[in-house]
Structure formats: structure tokens, C-alpha cells
Amino acid sequence: MSYFLIVISAIFVNNIVLAKFLGVCPFMGVSTKVETSIGMTGAVMFVMVIATMVTYLLQRYVLMPLGIEFMQTITFILVIASLVQMVEIVLKKVSPSLYQALGIFLPLITTNCAVLGVAIIAAGNAEFDLMKSVVFAIANAFGFGLALITFAGLREHMELVNVPKGMKGVPIAFVMAGLLALAFMGFAGIA
Amino acid sequence: MSKLNIFTKGFFSENAVFVLLLGLCPTLGVTTSAVNGLGMGLATTFVLVMSNIVVALIKNLIPDKVRIPVFIVVIASFVTIVELTMQAFLPDLFDALGLFIPLIVVNCLILGRAEAFASKNNILDSILDGLGMGFGFAMALGILGAVRELLGGLAVFGYKLADADGMLVFVLAPGAFLALGYLIAIMNKMNKKTT
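Note that the coordinates shown come from a computational prediction; the quantities given were computed from them, not determined experimentally. (Residues numbered from 1 in each chain as written. Chains lettered and ligands numbered in written order. Predicted model: local features only at pLDDT ≥ 70, side-chain atom pairs only at ≥ 80, totals over all residues. Heavy atoms only, no water.)

Moving on to the packing of helix H3 (residues 34-66) of chain A against helix H8 (residues 130-158) of chain A. Residues and elements named next belong to chain A. One can describe the packing of H3 onto H8 by two numbers: an axis separation of 9 Å at closest approach and a directional angle of 160 degrees. Of the possible angle classes, the one that applies to H3 and H8 is roughly antiparallel. When the axes of H3 and H8 are compared, the crossing they make is right-handed. Of the residues in the contact of H3 with H8, the class split is 20 nonpolar, seven polar and one charged. (Axes fitted to C-alpha atoms, helices over the stretch in contact; angles between N-to-C directions. Helix = DSSP H or I, 4+ residues; strand = E, 2+ residues; numbered from the N terminus. Parallel < 35°, antiparallel > 145°, perpendicular 65-115°, else oblique. Left-handed = near helix turned anticlockwise from the far one by under 90°. Nonpolar A, V, L, I, M, F, W, Y, C, P; charged D, E, K, R; others polar.)

Below you can see the structure in the form of C-alpha cells.
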């Protein structure tokens, strides 16, 4: 698989949120404002790329030689949880302004299934080497950001619209996400 | 809170999917049919009850600062047990659920109950809470799976009702969002009537 194909497929065709249903919780939770969704995208991108890199190396050079692939789930989630903690500490010291911007989103990322999902997919794909896994993680983070920021923009407009009483809030957001997913299905033709 | 109340609140007033909006990824991802939805719901229930028991047992032993990593390790261990058991005895369901089985670890419902309930209550209450929340989650997934299967494939639990094509969109990704949106609206209406 070429790099170009990996990127296009991860961002549009198999969009991580709208086609694979990973990371739906933050997609629903922090998408009320465009500004916060941009912050969340930055934090997810940061953690996703580092986590995929580390878990890939662990899978290839520790778990597989020892024959303990069944420990994958436990190892990966521990790596992600400690990474999030570490990133938080380092960021606080090195770049307080970036920490201010991403700070509140970082703890949420531990339970973002998109991060663990991408790590498991990348580690399980025999075709991926380290470089391809990293590209795959970056592309997926962009896909997550694209869906999240588009959706946040739509929701901001939805505030002003007169919605039937029973559909207000969450239900109409889901219907809107459905229509967005329908639009993304159009990209399936590319592949 | 009475014992009965702890058990039943997970079904309606605090239903994980319809009211609290927790654990949405598996909810949307695996509910292409009622059987898959129920299978996922029951697997989650098992992990939830077991992790609630363990957390309730060790809550006084773990220092406050490291409790979240400890909870995650407990949950991840039970998820691995479910994963291996399912692979051995229910290979078809294992293939259908795929990536979402290891992802039970990051289901915010489980960590949420460990943190909000099991770490503050005794074992019996924690078991009841886990069962109620888990069955409520399984019920929600079963309903969503049944609706999508009915509209998308004109089938109920795998049995074809008519020899025709359904609305395929409900089996695909967009249908999951649409169906869940309308189900939440209906659920909101029902909850408002009872209170």
C-alpha cells in the first residue's frame, strides 16, 4: 500500500469517526464549539502519533518475540495512559501556552477509543512498517479533526435553528452526524 | 437508595446509552444486528460486574493518586479474559465484533462506574449496580440492533420477514447515527412522561 493511498483512505474513505465509529464519545462531547474542537484535535493528534509509534515498537520487539500477544490490550492501554500523563507533565514545563490550550482535553484522551483503536489496527497490520504506521496515525488524526471540526461548525449553526421540542439537543445532533456520515459515504467511490 | 433502585436505574432513568451517552463507540459500531448488539452488551456486562466487584474489594488498598491506572489494569485483565474465551467458544461472534472487543477497555461506562460507584460502595451494591447498568446497556444495544436489522434487512434475530431488500442505509454507518438519534428522542419522551 502506498503512502498516498493510506492517507486518502484514512481521512476520507474509512473516516475513523464516521465510518469506523471510533472516538464517537469526544465527537459528541466536545463538538459544541469550533474552538474547543480544534484544541481536542491537536491533543488527539499529539497522543495518537506518539502512542502508535511506541505501541508498534512494543508489539514488534517485545510482545511478538516473547510470544505474549494476548497481553496486547493490557500493554497498549497502560502505554497510552502513561503517555497521556507524561505528555501532560512535559507540556506543562516546556510550553505552558500549549498546555493551557490542550490541558483540559488531555486526560479525556485516555478513554478515547480512537487512540487505542488506531494503535491496535496499526500493530495488527502485517503490511505496516514503522513509517507507514506513523503516517497512518497522522492521517487518522486528520480524519478525526476533519469530522470533529466540521460537525462543531454545523452544531454552532444548529443553535439558531428552530428544532422540534423532542429532537432538541442530542437527538438532532445524531441525525446531523448521520447526514454527515452519508456525505462521507460518497468518498467510498474513490477506493 | 434502595437495593431495587440501584438495580433498576440502569434501565431507564440512568440508561448508559440513551441518557448518559456513555459507551457510544461500541453502541454504533457493532449493532448491525440484534444478536451482535446483545453479544456486545453481555460481554460488557460481564466485564462491568467483575471489575465492579474487584474495585469494591480493593478500594481501601489503593492510594488515591494511582486509582485510575489501577482501575484500567483491572478492567483490561477482564477484557482479555472475555476476548480469549469468546475466541475459543464463540468464534463467529468474535469475528463479527472484531476490533470492538479489545476496545471494551476504553468503554467510558465501565471506568465511569468503577470511579463513581464501586470505589465508594460495598460489594453487594456494586454487583447490583454493575448488573443493572450492564443489562441496561445490553438492552439499548439489542434495541438499536433490532431496529437497524429490521429496517435494513427486513429481518428479526436473523430470520427474514419478507423476501425483499430493506433500506440498506440502516445497516451502513449513517443509519447507526440516524437510528440512535430517533431512539434517544423517543426515550426522552418516555422518561419525561414517567417523571
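Time to look at the confidence of the model for chain B. Residues and elements named next belong to chain B. Taken as a whole, chain B shows an average pLDDT of 85; of its residues, 98% reach a score of 70 or greater. The secondary-structure element of chain B with the lowest mean pLDDT is strand E2 (residues 159-160), recorded at 75, while helix H3 (residues 34-58) shows the highest, at 91. Predicted complex metrics record ipTM = 0.82 and pTM = 0.85. (pLDDT = per-residue confidence, 0-100.)

Residues and elements named next belong to chain A. One non-glycine residue with positive phi stands out, namely phenylalanine 21, at about 60 degrees. In this structure, phenylalanine 21 sits in the loop between helix H1 (3-13) and helix H2 (24-29). By relative accessible area, which is 5% here, phenylalanine 21 ends up buried. (Buried < 20%, exposed > 50% of the residue type's maximum accessible area, 1.4 Å probe, protein only.)

Here the focus is the environment of B:Pro26. Residues and elements named next belong to chain B. Structurally, the position occupied by proline 26 is in helix H2 (residues 24-30). Distance from proline 26 to leucine 99, taken between C-alpha atoms, is 9.6 Å for residues 73 residues apart in sequence. Ignoring sequence-local partners within four residues, the contact set of proline 26 consists of Thr31, Met40, Phe100, Asn107 and Phe137. (Contact = heavy atoms within 4.5 Å.)

Moving on, we come to empty space enclosed by the protein. Enumeration over the complete set of coordinates arrives at two cavities of 30 Å³ or more. Here the largest cavity is characterised by a volume of approximately 60 Å³. Forming the walls of the largest cavity are A:Cys25, A:Thr111, A:Cys113, B:Gly23, B:Leu24, B:Cys25, B:Pro26, B:Phe100, B:Leu103, B:Val106, B:Asn107 and B:Cys108. The element that contributes the greatest number of residues to the lining of the largest cavity is H2(B), accounting for three residues. Residue composition of the lining of the largest cavity, by class: nine nonpolar, three polar and no charged. Approximately 50 Å³ is the volume found for the second largest cavity. Classifying every residue of the lining of the second largest cavity by side-chain character gives six nonpolar, two polar and no charged. (1 Å grid on protein atoms, 1.4 Å probe; cavity = no way out; pocket = protein on both sides within 12 Å on 5 of 7 lines; lining within 4 Å. Points joined across faces, edges and corners; volume = space filled by probe spheres on them.)

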